[in-house]
Amino acid sequence: MEFSEIVCRLREVLNNLVRQVDSIYSADTKNNKLCASFTTIHMPSVFSSFADGLTVFLIMDEIIAQNGHIKHYASLFMRMLNAVKMEPVKFCMAAENVDCLERVVNQCDGVLEIGLFQRFVQDLMLNESTQKLRSNKRFLEENFFCLREGLLDILSRLDSLKEVPSERRRIVGYMALFILQSWLTVDPPEKKGARVIVEVLRRLPVVHADNNIRFVLLDLLLAQLPPSMTSWSPLKEVMKESAAIKNHYLLKMDEVLSRDSQTIRASLTSWIAAFHSSMSPMMQLSEAQATLEIRTKQIIQGLLLANRLQHILRSTIDLHVLFEIPIKKEKLKSLCHVSVLLKAVENVFYRKHFEISQSLPHIINLVQSHIESLLQPVKAQLEQDLSRRSQPNNMTFLSSLTRSGKDADTKAIDSLAAVDLALKMLQGGGSDTRQVVFHLAVDVINGTSGHLETDHSRVRKLISKLALIAEYDTVVGAVTNCSFLYWRREMMSTWFSMVYAQEDRALWLQYLVNAFCDGLRLLKVSKVNVSSLDSYEMEIEKSLANEIIEPLCRDIETDLRLHVHSAHLKGSVNTGLRDLSWYLQLKPLRISSKYIYIKSRVENYLNAAFYNHAAMAPHDWKTYSEMRHLAEQKYGLELDDIHLPGQKLEQGVDLLEIMHNIHIFVASHTYNINTQVFIEKVSNAPNRKNLITVGVKHVANSIRTHGIGIISTTVNFAYHFLAQKFVGFSQFLLDDHIQSCLVKEYRFWKGNKGNPNGYPYERAETVKKDIRKVALGDGGLTSLEHFRHLISEMGNALGLVRMVRSGGLNYSSSTCGFVYDMKSRVSFEDASRELNLQEAVIEAGKILDKSLDNQYMSLEKTNYFKILTNVFSQELQSNENAHLREFFLLVPALTINAAEAMLEGKDKILKRSRDAVNAIFTDDGFVLGVAYILKVLGQETQFDSLHWFTSATQHFKKKIFHLEGDTEAGQTRGGLSGLNLWNQKNLTVSNEETQNLKTDVRQLQKYLAELELIQFGFVCARTFLY
């Protein structure tokens, strides 16, 4: 409907204009005396406006031709309309509205078939009121005269810096007038006019009217001219040379791009400097008129420069697309530069918009005063001639214009009225209505008076200048508009990559972004949906990210990495990369409704990269810390510290997962009784460089997630696990070989029960060797080692219970941090009742009291070790399990085996051999398991009677003392023997023995220290169990 209204209104306006012009130039002037004075007047402004209207029809036809879906969707809409017409009520429409819509669709369908322009021409020829145009030779002559003069005027400034904006679009309008002329007359145009038409076709084969709308003039004429004009000889000659003309025009535009772009760049540089100087507030100190003259000159020069740049950019790109010829890389760089220069002009106008806005009214008045100064003498002369004409026998130049004095008076009066009207139009602002009336008045003055012949060119220049200044905002938006790049989006990534390839062009980025963002303004004017706007905006942002931001991030990271590594290698620090700091110094790039800050994007990338790399390889954290400091010093990037967690994660391993897989957890982790931390075994992480740890904080977090009830569930799982392990424990001690060894040791203990020296170390060593004779189990471990691992896993389960309790206390303290002392608390329920509060408040106090009681009772008043001890004690101390009564005699051998395994595991920590996977540095689960089993079996007193740790300590101290004495004696002998030259061989042997003795001493000291650690851990474990 909107389209139909626009077309109908434009058709009415143009028809009315044609009728009025036809009436003015009609041969029958007797009945129309009012127009008699205007029959000889040329009215180029009228025909130029008529040409503009015809251009709109041609542009609409071109839009419809480019969109091949319009006709298809129109037919689908017509089918739907037929269905609606059958049942309008069903679709909530009135029958008359459906009929009106059907008429509009039918009209549009007819227009789509032949085109708006051809439809207008046919209506013009068939309309009764305009049929006489064919016989109005004066109208036809005036039409062709105006289009010929208009084309000549445009051709005189074409492809120069004097070319006025929108003049190329006006060429299309003049061609439309020529087509209309051809339909109205059967005679071909005269030779002068034909030469002008041919010159236009040769010099300008392609005209770009608006955005992506282009007209190949020869194709336009062939499509719109009547069939009789196809045999017109000048047109046939141009048709023969059509391919050569197009190729020549493309080569010419490429040459202009290479030649004129540098010239325009130099002119633009000087213009920017002069423009800023002319718009400076200091200019107001000088004479006002001179200042306004300079500002007028600078504004118009900037508009013409921008118009020239826009033409070069749009024409070059579109011609290569039209003729399907690829653009060379050097040409692409030049086009990129031209687009940057064009948006730079726009930026200059935008930055000085306030000063220009203040000056525009004064500039308009100044130009109007110049035109007025040219019209005032004409007015005075006309008034003088009219006064003389009133005197008899006084011939003036006006009387010489016609034979009749009466006609002379009429023309003089009309001329004077036109001058007065023109002067009145110059008294106000430069609105569109005033400009139209002024142009018509000037046309009348030029046609009825000869006084302006000498100053006609100057008046025409001033009128053109006034038109530019009066429509300043519109003209600036038009000549700096790059919305045609919306249809050339494939160049976006190419231009961005070219800018990134040369760091000195970093400042171009904002201008290029602005150029492509002009497409968003076009979409908004077109009233597309929000998703289309967001899609195009995301396309610009994605292209920036792919061609600028991501390569910049990678290159900066590479530069920092190479710089740090070369510094570590003590070599040259030249990384071979460009200076990338230019891109980080840019202001945030604006894309319509958002900003893209390249520096912030790079900082986010490096923060994430450094953290992720350091988290994956914690041993390299220092390298990434150096890279962070280097980024701050070299690029000015403000990066975050690499906040890696201190040996734990906030959430960490979930307690619920540990609970369900407790048998795997206790076998793959070792327990440290002092720090309450479980550390993953190296053998469980052969391909990783870090180990997982589980501490009290992780348990507290799990309790916070799952609730405090998970503590009881964990203890229950530990109970079932211990029950299973006690089965294996009992089966081991039930073995005949183990029983025979323990029975023999039990007899010895009975016979030496009162011996103060304790259980001899040698017997424990003998028991260990006897048990080692039993067949090896899985993994090449002896049965004693398997038994020790079983006890360690039981101790780890108990360590998990202890850690869960500590985690619960941690959670309770954090959640109750602002609650008063639990021991001296007052009931919230009772306090609410005393204050006579509402029942809802009393109920809330009751719930709070209950929650606090549960919190306190579940953590403070529950001894889980005691529960786990009592649940097994009665059963395991019964006569059915009598074979367990000698377990305490096996503890010394287990202790020796544990000390040996611990020394071996600690030695492998710093080694990189295959056996390094068995490295270990703590295993307090063993001592906790031994203490727990002794507690359950009630054998603590019997074990204490062995005085095992005292006996083992004395044994190692004696051996160390004897070895140290031998070492000192060997060193003394070596010194005395050194005096005898003949005893060199004995001296060498003695020194070797001394070194071996020192090694033995150090090994025994390590062994003694490990036994002492086991003793201390055993004491701690027994303390927890009481």
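The structure presented is a predicted model; accordingly, all values stated were derived computationally and were not measured.

This paragraph deals with the overall build of the protein. In terms of regular secondary structure, the protein is built from 39 helices and seven strands. Burial status across the protein gives 47% buried among its 1026 residues. Put simply, 78% of the contacts in the protein that link residues at least 6 apart link residues at least 24 apart. As presented, the protein carries roughly 53000 Å² of accessible surface, and 54% of it is formed by carbon and sulfur atoms.

Once that is clear, we can look at the pairing of strand S5 (residues 669–672). Burial along S5 is two-sided: His669 and Tyr671 and Thr670 and Asn672, pointing in opposite directions, are all buried. Pairing of S5 with strand S6 (residues 677–680), which is carried by four bridges, proceeds in the antiparallel orientation. When the bridges of S6 are listed, Asn672 appears paired with Val677. Two successive antiparallel strands, S5 and S6, enclose a turn made up of four residues, where Gln676 displays a positive phi of approximately 55°.

The next subject is the packing of aromatic side chains. The final tally for this structure, using the stated rule, is 35 aromatic pairs. Note on Phe178 and Trp232: the rings are 5.7 Å apart at their centroids and 40° apart in plane angle, and the pair reads as tilted. Residue Phe178 is found in helix H7 (residues 167–184), and its partner Trp232 is found in the loop between helix H9 (217–224) and helix H10 (233–240); the two are separated by 54 residues along the sequence. Three or more aromatic residues link up through ring pairs in this structure, and these residues are Tyr719, Phe726, Phe729, Phe732, Phe787, Phe872, Phe887 and Tyr932.

Right, let's get into the sheet that holds S6. With antiparallel pairing, three strands are arranged side by side in an open sheet as S5-S6-S7. Taken across any chain shown, the strands that pair with only one partner, and hence form the sheet edges, are S5 and strand S7 (693–694). The strands touched by helix H31 (residues 783–815) within the sheet are S5, S6 and S7, with S5 carrying the most contacts at an inclination of about 60°.

Right, let's talk about the nonpolar core for a bit. Counting residues in hydrophobic clusters, the biggest one holds 186 residues, and the most contacted among them are Leu54, Trp495, Leu509 and Ile556. In terms of residue count, helix H12 (residues 288–322) provides more of this core than any other element does, 12 residues in total. In this view, Ile556 contacts Leu580, Leu584, Val602, Leu606, Tyr635 and Leu637; residues no more than four positions away in its chain are not counted. Residues Ile771, Leu790, Leu868 and Ile896 belong to the second largest nonpolar core, which totals 88 residues.

Our next topic: the side chain of Thr895. Relative to the helices and strands, Thr895 resides in helix H35 (residues 891–907). If near-sequence neighbours (up to four positions away) are discounted, Thr895 is found in contact with Phe926, Trp948, Phe949, Leu1011 and Ile1014.

To continue, consider the pairing of strand S1 (residues 206–210). The element S1 is largely enclosed, with a buried count of four among its five residues. Sheet topology places S1 next to strand S2 (residues 213–216); four bridges connect them, and they run antiparallel. Following the sheet pairing, His208 is matched in S2 by Arg214.

Mean pLDDT over the protein works out to 82, with 86% of the residues at or above the 70 mark. A low-confidence stretch, residues 394–405 stays under pLDDT 50, and its non-local contacts, those more than four residues away or across chains, total 17 contacts. The low-confidence segment residues 972–989, where pLDDT is below 50, has three contacts with residues more than four positions distant or belonging to other chains.

It is worth spelling out helix H27 (residues 696–706) at this point. When H27 is considered as a whole, its buried residues turn out to be His698, Val699, Ala700, Asn701, Ser702 and Ile703. Where H27 is buried, its residues contact helix H25 (655–660), S7, helix H28 (710–733) and H31. Downstream of H27 by a residue or two, Gly707 has a phi angle that is positive, lying close to 100°.

Turning to the pattern of salt bridges, a few remarks are in order. All chains considered together, the criterion is met by 36 salt bridges. Asp518 is the salt-bridge partner of Lys343, the closest N and O atoms lying 2.7 Å from each other. Taken together, the residues span a long stretch of sequence, with Lys343 in helix H13 (residues 329–351) and Asp518 in helix H20 (residues 508–525) at a distance of 175 residues. For Lys343, a relative accessible area of 1% translates into the label buried. Look at the salt bridges and you will find they share partners, linking Asp159, Glu163, Arg168, Lys252 and Arg308 into a network.

Bringing the side chain of Thr316 into the picture now. Residue position: Thr316 is located in helix H12. You can call Thr316 buried: its relative accessible area is 0%. There is a polar contact of 2.6 Å between the side chain of Thr316 and the backbone oxygen of Ile312.

We now examine the environment of Glu900. You can see Glu900 is positioned in helix H35. Glu900 gets classed as partly exposed once you look at its relative accessible area, which sits at 27%. Distance in space between the C-alpha atoms of Glu900 and Leu1011 is 9.5 Å, their sequence separation being 111 residues. Discounting chain neighbours no more than four positions away, the residues touching Glu900 are Glu765, Lys768, Arg772 and Tyr1007.

To continue, consider the packing of helix H11 (residues 242–278) against H12. Following both chains from N to C, one finds H11 and H12 inclined at 155°, their axes separated by 9 Å at the closest point. With respect to their mutual orientation, H11 and H12 come out roughly antiparallel. In the packing of H11 onto H12, the handedness of the crossing is left-handed. Classifying every residue of the contact of H11 with H12 by side-chain character gives 16 nonpolar, nine polar and four charged.

Moving on: a nonpolar patch on the surface. On the surface, a nonpolar cluster with roughly 260 Å² of combined accessible area is contributed by Leu835, Leu837 and Val841. Tracing the sequence through the fold places Leu837 in the loop between helix H32 (828–834) and helix H33 (839–860). Residue Leu837 is classed as partly exposed on the basis of its relative accessible area, which comes to 38%.

So, on to helix H30 (residues 761–772). Since the α-helix advances by 3.6 residues per turn, residues separated by three or four positions end up pointing in the same direction. Between the first and last C-alpha of H30 there are 17 Å, a value that for 12 residues agrees with the 16 Å anticipated at 1.5 Å per step. When H30 is considered as a whole, its buried residues turn out to be Tyr761, Ala764, Glu765, Val767, Lys768, Asp770 and Ile771.

This paragraph deals with unusual backbone geometry. The phi dihedral of Asp159 is positive, around 60°, even though this residue is not glycine. With respect to the helices, strands and loops of the structure, Asp159 is situated in the loop between helix H6 (137–157) and H7. One non-glycine residue with positive phi stands out, namely His947, at about 50°. When you line up the elements, His947 lands in the loop between helix H37 (940–946) and helix H38 (948–977).

Conventions used here
Residues numbered from 1 in each chain as written. Predicted model: local features only at pLDDT ≥ 70, side-chain atom pairs only at ≥ 80, totals over all residues. Heavy atoms only, no water. Helix = DSSP H or I, 4+ residues; strand = E, 2+ residues; numbered from the N terminus. Buried < 20%, exposed > 50% of the residue type's maximum accessible area, 1.4 Å probe, protein only. Contact = heavy atoms within 4.5 Å. Areas by Shrake-Rupley, 256 points an atom, 1.4 Å probe, with all protein chains shown as cover. Pairing = 2+ DSSP bridges. Phe/Tyr/Trp six-rings, centres within 6.5 Å; stacked < 30°, edge-to-face > 60°. Axes fitted to C-alpha atoms, helices over the stretch in contact; angles between N-to-C directions. Core = buried A, V, L, I, M, F, W, Y, C linked by side-chain atoms within 4.5 Å. pLDDT = per-residue confidence, 0-100. Salt bridge = Lys/Arg side-chain N within 4 Å of Asp/Glu carboxyl O. Polar contact = N/O pair within 3.5 Å; in protein donor to acceptor, adjacent residues only side chain to side chain. Parallel < 35°, antiparallel > 145°, perpendicular 65-115°, else oblique. Left-handed = near helix turned anticlockwise from the far one by under 90°. Nonpolar A, V, L, I, M, F, W, Y, C, P; charged D, E, K, R; others polar. Patch = residues over 30% accessible without salt bridge, like charges linked within 9 Å, V, L, I, M, F, W, Y side chains within 5 Å. Expected span 1.5 Å × (residues − 1).

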